[in-house]
Amino acid sequence: LKPTDCPDRAKTCKCKAPERKTLLGGYQMGDALFFTGADSQDHRYGQTGEVVGAEDELLVVAFTDENQGRHDVPCPLNVLSREAPAMPYGFAFGQAVYFVGDSILD
């Protein structure tokens, strides 16, 4: 902690940062991760989330969508990853792409 974060505002902070509790799969509160399962209403493949807890044998992940806000979703470990999932043909999430084929509106 910085001195300004210390409850007594000491010039030399002797406070310790709170220990982060280790949850399922070695994840900790606040860890960022990626969803690798099938898309749903609350989250989509490759979306980033933040660990906010655990319940039963599931990790609770907060996914934020600019249109729908935050959703806390219990997820099994097999649909979560610390690494961004691979995309076909070398594309990356959020990358702009252009359709160059024939019109699909004919």
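Residues numbered from 1 in each chain as written. Predicted model: local features only at pLDDT ≥ 70, side-chain atom pairs only at ≥ 80, totals over all residues. Heavy atoms only, no water.

**Q** Let's hear about the pairing of strand E4 (residues 69-75): which residues, and what values?
**A** Of the strand pairs in this sheet, strand E3 (residues 58-65) and E4 are connected by seven bridges, and their pairing is antiparallel. Following the sheet pairing, Val-61 is matched in E4 by Val-73. (Pairing = 2+ DSSP bridges. Helix = DSSP H or I, 4+ residues; strand = E, 2+ residues; numbered from the N terminus.)

**Q** Give a description of the sheet that holds E4 that names residues and reports values.
**A** The strand order across the open sheet formed by five strands is E4-E3-E2-E1-E5, and the pairing between neighbours is antiparallel. Looking at the sheet topology across the chains shown, the edges are occupied by E4 and strand E5 (80-81).

**Q** Quick rundown of the pattern of salt bridges? Include the residues and the values.
**A** Scanning the model with the defined rule gives two salt bridges in all. Ionic pairing is found between Arg-82 and Asp-31, a salt bridge with its closest N-O pair at 3.5 Å. Taken together, the residues Arg-82 in the segment after E5 and Asp-31 in the segment before strand E1 (32-35) connect sequence positions 51 residues apart. Exposure remark for Arg-82: the relative accessible area of 42% places this residue in the partly exposed category. Linking Asp-72 and Arg-70 is a salt bridge whose minimum nitrogen-to-oxygen distance equals 2.7 Å. By relative accessible area, Arg-70 is classed as exposed at 53%. (Salt bridge = Lys/Arg side-chain N within 4 Å of Asp/Glu carboxyl O. Buried < 20%, exposed > 50% of the residue type's maximum accessible area, 1.4 Å probe, protein only.)

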